[in-house]
Amino acid sequence: MLEKISHLIQEIEAELIDSAEKAEQFRLKYLSKKGILNDLFEEFKTIANEQKKEVGKHLNILKQKAQEKFDLAKENLENSVNTEELNIDVTLPGEPFSIGSHHPISIVRREIIDVFSRIGFTVAEGPEIEDDWHNFTSLNFPPDHPARDMQDTFFIEDEIALRTHTSSIQIRVMENQKPPIRILAPGRVYRNEAISARAHCFFHQIEGLYIDENVSFADLKQTLLYFAKEMFGEETNIRLRPSYFPFTEPSAEMDVSCPFCKGKGCNICKGSGWVEILGCGMVDPNVLENCSIDSKKYTGYAFGMGIERISMLKYQVKDLRLFSENDLRFLNQFKSVL
Ligand code: DAH
């Protein structure tokens, strides 16, 4: 009987089950009530007791093999797709995937980060929902400053609002790190403005902050000149105009020579030859002290720019709304930019 069993194991292993009919034939031949295995189990009852242990063991192996073979074949048959039945020509080339593109805001954000990371700036982040302290008070905004007004700020509750600028991240970093600090903080910001070609209720900014001993306005100017040349081309000039921000003293706004007319005057720069791109200044000592940084020992500069504004200049986009409307005719134009 042992010989018969081993012969059957070989036979089962050699069986080819490649269709539902063959699977059924296999089942009838080996596993059904009238199948070979059942007969063998009947025969098993008649053999001598001392042989039962050995023969029983092999009989079970045979049964297990037959069942496994049948189950596996059934599973494979169920999972396989009959291409003839579906009328599909599997030799046809596939349909190409439509490749997406990066959003222009992401492209420009990455480019700006890239330029500053080459001179040692790292990226910091902060929350979009901010408290009054980080968005206003610590940045030296007086209690009656118009930016705190409901008209400009989206309040969530008393003292909690959507951040109106990325300057709040400066504070979070200074509260948690010791100088030297050299960070770049990109993020989305919100203002309660009517949406038009030139204004939106949300947009993106990048903030820069450098705090160390002996940081001067000359360092700020050189850093920004380097940035302008990297971003808009080697021939780009900058100019700084005196300005006011509560958190910097002195403060300035920076213009770059118009990248389109090279300073001659065109409709993009409204004939002036210059376009404004950012605000900057030396961090006010009050702001340093608010973050427990010794303002006698340390000085620093900060700057903030709108990513949409830089993107509009780089790609000659005339309407801010295009950046948030998800119009594929607009977005597809950036496919070639990595
Ligand atoms: N937070 C300012 C804004 O939203 C931009 C800005 C100006 C940031 C001067 C600065 C800075 O860091 O020094 O208009």
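Description of the structure in this document. (Residues numbered from 1 in each chain as written. Predicted model: local features only at pLDDT ≥ 70, side-chain atom pairs only at ≥ 80, totals over all residues. Heavy atoms only, no water.)

### Section: the site of the ligand
The full set close to the ligand counts 15 residues, and His165, Ser167, Arg191, Gln205 and Glu207 are the nearest of them. Gln170 places a polar side-chain atom, nitrogen or oxygen, 3.2 Å from an oxygen atom of the ligand. A distance of 3.1 Å is found between an oxygen atom of the ligand and a backbone nitrogen or oxygen belonging to Ala302. The fraction of the free accessible surface of the ligand (350 Å²) that becomes covered by protein chains is 89%. For the shell around the ligand, the secondary structure elements donating two or more residues are helix 8 (167-176), strand 6 (202-212), strand 9 (274-283) and strand 10 (299-306). When the residues that make up the shell around the ligand are grouped by side-chain class, the tally is five nonpolar, eight polar and two charged. (Near = heavy atom within 4 Å. Polar contact = N/O pair within 3.5 Å; in protein donor to acceptor, adjacent residues only side chain to side chain. Areas by Shrake-Rupley, 256 points an atom, 1.4 Å probe, with all protein chains shown as cover. Helix = DSSP H or I, 4+ residues; strand = E, 2+ residues; numbered from the N terminus. Nonpolar A, V, L, I, M, F, W, Y, C, P; charged D, E, K, R; others polar.)

### With respect to the sheet that holds strand 1 (residues 122-123)
The strands making up a sheet associate through backbone hydrogen bonding, with each pair oriented either parallel or antiparallel. Read from one edge to the other, the open sheet built from seven strands follows the order 1-5-6-10-9-8-7, with strand pairing classed as mixed. In the strand order of this sheet, the two ends are held by strand 1 and strand 7 (238-245), each with one partner. Pairing between strand 8 (residues 248-257) and strand 9: eight bridges, direction antiparallel. Of the residues in strand 9, the one forming a bridge with Ser257 is Trp274. Here helix 6 (residues 104-117) sits on the sheet in contact with strand 1, strand 5 (181-190), strand 6 and strand 10, set at roughly 165 degrees to strand 5. (Pairing = 2+ DSSP bridges. Contact = heavy atoms within 4.5 Å. Axes fitted to C-alpha atoms, helices over the stretch in contact; angles between N-to-C directions.)

### With respect to helix 2 (residues 20-31)
Under the 1.5 Å per step criterion, the end-to-end length of helix 2 is 15 Å for twelve residues, consistent within 8% with the ideal 16 Å. Those residues of helix 2 that fall on the buried side of the exposure criterion are Ala23, Phe26 and Tyr30. Looking straight down helix 2, one finds that the buried residues subtend no more than 60 degrees of arc, so they occupy a single side. The exposed residues of helix 2 that point more than 90 degrees off its buried face are Ala20, Glu21 and Gln25. Buried residues belonging to helix 2 abut helix 1 (2-14), helix 3 (36-46) and helix 4 (49-79). (Expected span 1.5 Å × (residues − 1). Buried < 20%, exposed > 50% of the residue type's maximum accessible area, 1.4 Å probe, protein only. Arc of directions from axis to C-beta.)

### Some remarks on the side chain of Ser257
Of note, Ser257 is situated in strand 8. Setting aside its immediate chain neighbours within four residues, Ser257 contacts Glu235, Thr236, Asn237, Gly273 and Trp274.

### As for the pattern of salt bridges
Two side chains that carry opposite charge are able to pair once their charged atoms sit near each other. Inspection of the entire model under this criterion finds 19 salt bridges. The shortest N-O distance in the salt bridge between Lys314 and Glu111 comes to 3.2 Å. Taken as a pair, Lys314 in helix 11 (residues 307-315) and Glu111 in helix 6 lie far apart in primary sequence, 203 residues in all. Taking the relative accessible area as the measure of exposure, Glu111 reaches 25% and is therefore partly exposed. Arg321 serves as the salt-bridge partner of Asp319, at 2.8 Å between the closest nitrogen and oxygen. The class of Arg321 is partly exposed, set by a relative accessible area of 29%. Salt bridges here are not isolated pairs; linked through shared partners, they connect Arg239, Arg241, Glu253, Asp255 and Glu276. (Salt bridge = Lys/Arg side-chain N within 4 Å of Asp/Glu carboxyl O.)

### With respect to the environment of Glu289
Relative to the assigned elements, Glu289 resides in helix 10 (residues 285-290). Glu289 sits in the partly exposed class, given a relative accessible area of 41%. Taking C-alpha positions, Glu289 is 11 Å from Asn140, a pair spaced 149 residues apart along the chain. Those residues in contact with Glu289, other than ones at most four positions away along the chain, are Asp294 and Ser295.

### Regarding the environment of Arg321
Mapped onto the elements of the fold, Arg321 is located in the loop between helix 11 and helix 12 (328-331). Distance in space between the C-alpha atoms of Arg321 and Phe203 is 10.0 Å, their sequence separation being 118 residues. If sequence neighbours within four positions are ignored, Arg321 has contacts with Ile195, Ser196, Ala197 and His200.

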